[in-house]
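# Secondary and tertiary structure notes
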Amino acid sequence: MYKVSIIGLGYVGLSLSTFLASKGIHVWGYDKARWKLESLKKGKLYISEEDLETEFNRAVSNGLFHISEKLEESITHSNITFICVDTPTKEDWRQDYSSIISAAKSIGKILGKLDRYHLIVVKSTLLPESSRKIIIPAIEQESGLLVGRDFGYIYNPEFLREGKALYDLRSPNRIVIGEYDNKSGDIIYAFYKEIYDEKTPIFRMTIENAELLKYVSNVFLSLKISFINLIARVCEKTPNTDINIISEALKTDPRIGPYLQAGIGFGGQCLPKDLKAFISFVEEIGIKSALLREIYFINEEQAIWPINILKQVYHDLKDKVICILGLTFKPNTNDIRNSQSIKIISRLLDEGAVVKIYDPEGLENFLREYYYLPVIPCNSIEKCLEDTDAVIIATDWDEFKLLEPKTFKKLMKTPLIIDGRRIYDVNKFKDDVIYFGVGYHSRPFKTLLEI
Ligand code: UGA
């Protein structure tokens, strides 16, 4: 019978623990942040994920999800430990492994006292060779044990999306097992085979392949976004073209596929950091990274796109009142980390603009994190739009999609709409308001200002 401990209860760890418990597996969840454990004990989650709070509370009341206050308790109760701690990217674009090294050492100390085989499964994003050169030695040194003989090791990257965590865990498009040896691989393979049906592809490979694959997946997704955003620029300068039309038709080629929505670029806790760390890795091993660097630069420039439009219309942004709709890096989450909105807001403030902000779920996090920024928070879309000189749609929340041109016209001083996520139907908007959308060839400014 599987008994599992999960170390690190962030997006991945908490979602994974809840999912496994929902499958009837006993889970001991531990996080070194006491406030997270306190919050969980009250049944309150600190992340916003579809269905997660309900499922979590169900798992606790069914006696399957155990909130561990001590790492030792969680390890000793289990036979498999998943490590899900964060591996952020430092200022110099290298990976910061301090959390995972410290977790590996603490786990190692406990394993050294256990007199039985235990399987370690790492989910945190790690650059190729990190498991073998850094993580496994840290566990071996602290435990005095030998990998392959006394404990097993698997690198098992996670591909879930924030906001869709449980959905992606229930129906993953693939399971990737990077195995130290056959024994470790067989255990985790059997574990996943019990959870998932025949249709879920399971790939067994070396640890290094799995480590590389995680980066390659995220970097390829970033590449697709920057590529479509580059083509969006072409559309902006080419009459009678529209990136949404191009992208819709492009996606139908199965060799190209989805994930081609043009906009103000990608943010979040994963794509930007993984791209930077991978660039630094690639350069370190002596491979040219121009293609990868361009993905990054295009993304940085996309955040400036709304500012450029504003400047073309108003020239000077001093004292112009700008409404920002959307703070989170994507809809259906309260996560504002590395959101393109933040770059836009900072830039507007630097230009002397007055910035009003609204987000259905991210406002609290934004105000906590950026308390020092002189913005005007609003508790409704309408309040945020009132008496403004322009609005920037920065996140594609459903509630923004429902807005009609007449609402902008009624509330704003000048109904200048900068649609950074291409959520509006151009045909509906182009005559009643001043509309600019990423990848849409707008009319000449002279005509616009006559509206
Ligand atoms: C991403 C990957 O999609 C997951 O597969 C991966 O597991 C995860 O990173 C991770 O490494 O943990 P996530 O960060 O949740 O997931 O977000 P995405 O849904 O991929 O969106 C990332 C950003 O790209 C958002 O800012 C979104 O607005 C933007 N995006 C996405 C576009 O601009 N266009 C698109 O077509 C898709």
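Look up a bit, the structure's there.
Described below are features of the structure shown in this document. Not measured: the values here are computed from a predicted model. (Residues numbered from 1 in each chain as written. Predicted model: local features only at pLDDT ≥ 70, side-chain atom pairs only at ≥ 80, totals over all residues. Heavy atoms only, no water.)

The next subject is the sheet that holds strand β8 (residues 202-206). The sheet built from eight strands is open, its strands ordered β3-β2-β1-β4-β5-β6-β7-β8 with mixed pairing. Unpaired on one side and paired on the other, β3 (65-68) and β8 mark the two borders of the sheet. Ignoring which end each strand starts from, the neighbouring axes of this sheet average 25° apart. With five bridges joining them, strand β7 (residues 175-179) and β8 adopt parallel strand pairing. Bridge pairing links G178 to M205 in β8. The strands that helix α9 (residues 207-237) touches are β6 (151-155), β7 and β8; relative to β8, the one it contacts most, it runs at about 115°. (Pairing = 2+ DSSP bridges. Helix = DSSP H or I, 4+ residues; strand = E, 2+ residues; numbered from the N terminus. Axes fitted to C-alpha atoms, helices over the stretch in contact; angles between N-to-C directions. Contact = heavy atoms within 4.5 Å.)

The next point concerns the pairing of strand β4 (residues 80-83). Of the two faces of β4, the one carrying I80 and F82 and the one carrying T81 and I83 are both buried. The pairing of β4 with strand β5 (residues 118-122) spans four bridges and is parallel. Within β5, the position partnered with I80 by the bridge is L119. Of the crossover connections in this fold, the one passing from β4 over helix α5 (residues 98-113) to the parallel β5 is right-handed. (Buried < 20%, exposed > 50% of the residue type's maximum accessible area, 1.4 Å probe, protein only. Right-handed = clockwise from strand over helix to strand, strands pointing away.)

One pass over the full model with this rule turns up 20 aromatic pairs. Judged by centre distance (5.6 Å) and plane angle (70°), the rings of Y296 and F297 are edge-to-face. Residue classification places F297 among the partly exposed positions, given a relative accessible area of 39%. An aromatic cluster is defined as three or more aromatic residues linked by ring pairs; in this entry it consists of Y2, F19, F82, F191, Y192 and Y196. (Phe/Tyr/Trp six-rings, centres within 6.5 Å; stacked < 30°, edge-to-face > 60°.)

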